[in-house]
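# Structural description and commentary
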Amino acid sequence: MRLARPRPRPALIATLTVTAAALGPLLLAPPSATADRRPPPVREGSGAVDGAAMTPASAARRALSAPVTDLSADVGGYPREQVLSADPENPADKSIKLGLTPYHAIAPKLNALQRLGDRVSVEVAGRSAGGHRLYLVTVTAPETARQARAQERMRELIENAPRAAAEDPAVKKTYKTPVFFNNNIHGNEWEGTDAALKLIQQLATAHDTKTTDLLAHSRLYFNITANPDGRIAGTRTNANGFDLNRDLLTASQPEARAMRQIAIDKQPAVMLDLHGYVNGTLIEPTTPPHGENYEYDLFLKNSYANALGMEAAVNGLGHTPAKDGVEPVQIPFRDQREGWDDWPPIFTPQYAAFHGTVAAHTVEIPLTVNNSAYDTLPVDELRRRSAINVDVAGAAMRATLDFTRSHRTSLVADQIEVFRRGATGAAQVPVSAETVPGVPGIGPEDVYTTDFPRAYVIPAGAAQRSGTAAARLVDHLVADDVRVTRAAGAFRLAGRSYPKGSYVVDLHQPKRGLANVMLADGRDISDKVSTMYDISGWSPGRLWGATVEPVRSGSLSGVPLRDVHAAAHVGHVAPRGDLRLRLDTPQEIAALNSLLRDGVSVRRTADGSALVPASARTEAVTLARAYDVAFDATKASGGTALHRVRVAAAVTAGELFALREMNFDVVPVSTGTLDAGFDWSTADVLFVSSGLDHSALTPSARSALDAFLGTHGLVGRGATGAALNAAAGPLAVRPVEGNGDANGVVRVVNSSGPVTAGAPDHTFVYAPLWFTDLGAGVRVEQSYATGDPLVSGHWRPSADGTGGPAAAAGRAAVVSGPGAVLFGTEPLFRDHPKGEFAQVGRAVLTVS
């Protein structure tokens, strides 16, 4: 408990509604005229994002194929000016009503800013899922090409040779501190963009000593709008319905990949992520739990100091509750006990910390202008609020620049120290009053550290569950700037033998925290805090389908390792005979659906794999290259004929995206679309997890749905899928709902049936469900492990003592029967648990 700290001020918060009881010990005031109550965790499947799952397939195709822009290329010095083409004027842009800058006006403004002098440069960092340009603006004093190359060499030295960088006088004297302002990542939290444009103009034209000194010793990077799709549409999410501030670890969306590349190539020491709306303005650092893989002592030292400066600047604007409806600033670390944490690496500031950012903040500006306020308040009031929000965001940015200018040397030194600890395998430094002087109220509840293994091995050959999954994981690690090596020969490590071609991730590397946060199991923190803001467990190491083994001790000096810049291709096609395609990964399901789309005759065996005739070898070669999958020789025969499946899907945005990633032909449906009259002859299978309420349908729509389910298959997930099965489906089961806030990585036991045969022995849950009282013909495809199934995350029993992990242990998690499969797990959650996707793909094929 944070008893040594002041209790929270009576002035909270923001965008959505939630009861005070759901937030545990957070002290909440009644909502005022300028603020709603504090928002609950926003997860896919909530009412806030149901409509986003109606997105067109074109947005998914763009997201899956969008290239990553290299922002470190040698293109000369600064400025790097370019003339941006204009976008068509869009009078429907939602920012216009607020008196803010519509997306189509940004390019002309950036062109004008570049003409103001020699300090402003514009790059296109990529395109959004909706096809809009992502603008990265750099503001700095002019640099020759030679000076720019020297800056890049010093940046690389800081990361790759931190000990040398710490002693290099050129780094101390001439390295420009990188600062990153990320704006508008939630599309309907607009004002950071406008504050950035105003600040860029001021910096471009000011010639006072403070500004010239700042720009001589800093590079300032502005992601003008991280989510142009949402800015235009007035939605939190992008064109695929994704909350981009939950996607940084998975990077399924092009906007997240652009932000990832900025973090890698620009290596900011300081960053702000501008959000809304929390009254008074909320400025991180956060409450516990704190990410255990950070160098948190360095992070807290700088983030708290910068937060105090931002607080003074924002409060110094003179806004008051009586005059403007604006409450004083709150800093969660100081003013709250829990409920606004930095535990998961999915948020932009927390992700940036793994790339050397030692002062990183979410800043929630104060006055609500989105959602119901946007639709109900007078335009004049909305514009009054937006103008105040722009001022507040600008004050936070300017204070951050002041902090950067006055602490340049120590910020760079602390970034170097982050990388030095990683490269040398140094111990983390627990936070305390002694290790982080000047930060009040540090207690044992703030201490989160981890025991880094010596390395991770992703074995090759028979020890690897899936070569395709392993290659995908390795490519993801490399894309995140995690160093991966590959063994040129067989080797032994910590008493175990590994074959040639195995991948080794040495945890003595500058970004060891990022490597570990991806590959470790994580931690069960159920007993640490009573409430969490978002997910508490994640693990590409466990959930992406590859075999990953931690090595706790030993030396790598004798292992024949070579650096990896991309995973070795594993795709191949047997030279003769019929072919077998395992359906264990999303790529294999995608390849199968491509074959079916092209009319290839494919059959499915009892273990769930696909038999492809020798006559389709040419098509198989193309798909093996495209998806990096293996078509092995087989002498098997028989099986069930497969056909192209069209899925009617009432699902979350993440599930819709994952289905399309697997090349399923998907038509989104909902209660509304069925009531409007849906042609069921166009569908083969119904997949339901969200947005379809059988009892709310019109009589004719209900009758049509029931008739469809009488002859076609159902795949259901979660409470919504189970409810539809109970109302109209074929499976005789009793669903039991666990704690709705519970989430994390759990251990499971799979059957040998066609849905989960060969699946990983871990999966992901959010609001877990299990099934009891199984009727005749119901098969258990997967069950929760006995004992405590939770490996990492937050899963407590509900207030009445039910719904905890002990109640789920040994119970059926996935069940099937004639014409239906029901999931109590989240195998497609936010496009993250890649190794679980095939379970849904197999389920769709099974019931079709």
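Throughout what follows, the structure given in this document is the object of discussion.

Criteria and thresholds
- Per chain, the residues get numbers from 1 upward, laid out in the order the sequence is written.
- Where local features are concerned, this predicted model is filtered to residues with pLDDT of at least 70; where side-chain atom pairs are given and counted, the filter is 80 or more; whole-chain, interface and lining totals use all residues.
- For the side-chain quantities, the full set of heavy atoms in the structure was used; hydrogens and water were omitted.
- The way it works is that DSSP assigns letters per residue, a run of H or I at least four long becomes a helix, a run of E at least two long becomes a strand, and they are numbered from the N terminus.
- Exposure classes here rest on a 1.4 Å probe applied to the protein chains alone. A residue is buried below 20% of its type maximum, exposed above 50%, and partly exposed in between.
- For the accessible areas, the method is Shrake-Rupley and the probe is 1.4 Å, while residue cover comes only from the protein chains on display.
- Grid spacing is 1 Å over the protein atoms alone, the probe is 1.4 Å, and a cavity is where that probe fits but cannot get out, while a pocket is an open set with protein on both sides within 12 Å along at least five of seven lines and lining residues have an atom within 4 Å of a point.
- Grid points are joined across faces, edges and corners, and a volume is the space filled by probe spheres set on the points.
- Basically, the charged four are Asp, Glu, Lys and Arg, the nonpolar ten are Ala, Val, Leu, Ile, Met, Phe, Trp, Tyr, Cys and Pro, and anything else, Gly included, counts as polar.
- Take the buried Ala, Val, Leu, Ile, Met, Phe, Trp, Tyr and Cys residues and link them wherever side-chain atoms come within 4.5 Å; each set so joined is a nonpolar core.
- Whether two residues are in contact is decided by their heavy atoms, any of which lying within 4.5 Å being enough.
- Strands are labelled as partners when DSSP assigns at least two bridges between them.
- Pairing of aromatic side chains requires ring centres within 6.5 Å, counting the rings of Phe and Tyr and the six-membered ring of Trp. Pairs whose planes differ by under 30 degrees are stacked, by over 60 edge-to-face, and all others tilted.
- By definition, being over a ring means that NZ of Lys or CZ of Arg is both within 6 Å of the ring centre and within 35 degrees of the ring normal.
- The axes used here are C-alpha line fits, helices contributing only the stretch in contact, and every angle between their N-to-C directions lies in the interval 0 to 180 degrees.
- By the definition adopted for this analysis, an angle is roughly parallel if under 35 degrees, roughly antiparallel if over 145, roughly perpendicular if from 65 to 115, and oblique otherwise.
- The sense of a crossing depends on the near helix, which, turned anticlockwise from the far helix by less than a right angle, makes the crossing left-handed and, turned clockwise, makes it right-handed.
- In the sections that follow, a salt bridge refers to a side-chain nitrogen of Lys or Arg positioned within 4 Å of a carboxyl oxygen of Asp or Glu.

Within the protein, the secondary structure is distributed over 27 helices and 34 strands. For the C-alpha atoms alone, the extent of the protein along its principal axes is close to 80 × 65 × 55 Å. Across the 848 residues that make up the protein, the buried fraction comes to 61%. On the protein, roughly 28,900 Å² of surface is accessible, and the fraction owed to carbon and sulfur atoms is 53%.

A separate point is empty space enclosed by the protein. The tally for this structure, following the rule as stated, stands at 11 cavities of 30 Å³ or more. Here the second largest cavity defines a volume of roughly 130 Å³. Lining the second largest cavity are 15 residues, and of these Asn-293, Tyr-294, Glu-295, Ala-353 and Val-418 lie nearest its centre. Elements with a minimum of two residues in the lining of the second largest cavity: helix H16 (408-424) and helix H18 (512-519). It is H18 that contributes the most residues to the lining of the second largest cavity, three residues altogether. Taken together, the residues that form the lining of the second largest cavity break down as eight nonpolar, four polar and three charged.

We now examine the nonpolar core. Ranked by size, the top nonpolar core spans 144 residues in total, and within it Leu-110 and Phe-222 carry the most contacts. At 11 residues, the largest contribution of residues to this core is made by helix H15 (residues 379-406). Non-local contacts of Phe-222, meaning those with residues more than four positions away in its chain, are made with Tyr-135, Leu-136, Val-137, Val-139, Phe-181, Ala-196, Leu-199, Ile-200 and Leu-203. Phe-664, Phe-687, Val-736 and Ala-742 belong to the second largest nonpolar core, which has 57 residues in total.

So, about the pairing of strand E4 (residues 218-223). In terms of burial, E4 is a largely internal element, six of the six residues being buried. Where strand E3 (residues 177-183) meets E4, six bridges bridge the pair, whose relative direction is parallel. Of the residues in E4, the one forming a bridge with Phe-181 is Phe-222.

As a volume, the largest pocket reaches approximately 1,200 Å³. In this structure, the largest pocket is lined by 43 residues; those nearest its centre are Leu-64, Arg-472, Gln-587, Ala-626 and Glu-661. Residue assignment for the lining of the largest pocket shows that the elements contributing at least two residues are helix H1 (57-65), helix H9 (254-266), helix H17 (467-479), helix H20 (586-597), helix H21 (617-627), helix H22 (653-661) and strand E24 (665-668). Broken down by element, the lining of the largest pocket gets its largest block of residues, seven residues, from H17.

Before going further, it helps to spend a moment on the sheet that holds strand E5 (residues 270-276). Pairing is mixed across the open sheet formed by seven strands, whose spatial order is E1-E2-E4-E3-E5-E9-E6. Where the open sheet ends on each side, the last strands, each with one partner, are strand E1 (120-127) and strand E6 (282-283). Note that E1 and strand E2 (residues 133-139) share seven bridges and pair antiparallel. Paired with Gly-126 across the bridge in E2 is Leu-134.

Right, let's talk about unusual backbone geometry for a bit. Cis geometry marks the peptide bond from Tyr-78 to Pro-79; its omega dihedral reads 5°. Here the bond from Pro-288 into Pro-289 is cis, since omega is 0°, no more than 30 degrees from zero. Here Pro-289 shows up in strand E7 (residues 287-290). One non-glycine residue, Ala-251, lies in positive phi territory at about 55°. Take Ala-251: it is sitting in the loop between helix H8 (228-233) and H9. Overall, the relative accessible area of 6% leaves Ala-251 in the buried class. The phi torsion at Ala-494 lies on the positive side, around 55°, for a residue other than glycine. Considering the arrangement of structural elements, one finds Ala-494 in the loop between strand E12 (491-493) and strand E13 (496-498).

A word on the environment of Leu-692. Summarising the element assignment, Leu-692 is placed in the loop between strand E25 (685-688) and helix H24 (699-711). For the pair Leu-692 and Gly-672, spaced 20 residues apart in sequence, the C-alpha to C-alpha distance is 8.2 Å. In contact with Leu-692, other than residues within four places in its own chain, are Ala-650, Val-669, Ser-670, Thr-671, Leu-674, Leu-697, Leu-705 and Thr-720.

As a further point, take the packing of aromatic side chains. Applying the stated rule across the entire model yields 20 aromatic pairs. Residues Trp-340 and Tyr-533 carry aromatic rings whose centres are separated by 5.1 Å and whose planes lie at 35° to one another, so their mutual orientation is tilted. With Trp-340 in the loop between helix H12 (332-335) and strand E8 (341-342) and Tyr-533 in the loop between H18 and helix H19 (540-543), this pair connects stretches of sequence that are 193 residues apart. Taken individually, Trp-340 and Tyr-533 each receive the classification buried, so the pair is uniform in this respect. Seen from their ring centres, Phe-491 and Tyr-498 are 5.3 Å apart, and the 25° between their planes marks the pair as stacked. The residues Phe-491 and Tyr-498 share a single accessibility class, namely buried. Over the ring of Tyr-78 we find Arg-80, and its NZ or CZ is 4.0 Å from the ring centre.

Our next topic: the packing of helix H7 (residues 209-217) against H15. Two elements in contact, H7 and H15, have axes whose closest approach is 10 Å; the angle formed by their N-to-C orientations is 70°. Here H7 is positioned roughly perpendicular relative to H15, judged by the angle of their axes. At the point where H7 passes H15, the crossing takes the left-handed sense. Counting all contacts with H7, which are made through Lys-210, Asp-213 and Leu-214, the residues of H15 involved are Leu-401, Asp-402 and Arg-405.

The six strands lie next to each other as E17-E21-E18-E20-E19-E22, forming an open sheet whose pairing is mixed. The outermost strands of the open sheet, each flanked by one partner alone, are strand E17 (572-573) and strand E22 (640-641). With two bridges joining them, E17 and strand E21 (residues 630-633) adopt parallel strand pairing. Each bridged residue has a counterpart across the sheet, and for His-572 the counterpart in E21 is Ala-630.

A few words on the pattern of salt bridges. Summed over the entire model, instances satisfying the criterion amount to 44 salt bridges. The partner of Arg-236 in a salt bridge is Glu-189, and the shortest N-O contact between them spans 3.6 Å. Here Arg-236, found in the loop between H8 and H9, pairs with Glu-189, found in the loop between E3 and helix H6 (191-205); they are 47 residues apart in sequence, far enough to count as distant. The residues Arg-236 and Glu-189 share a single accessibility class, namely buried. Between Arg-405 and Asp-213 there is a salt bridge, with its nearest N and O atoms 3.3 Å apart.

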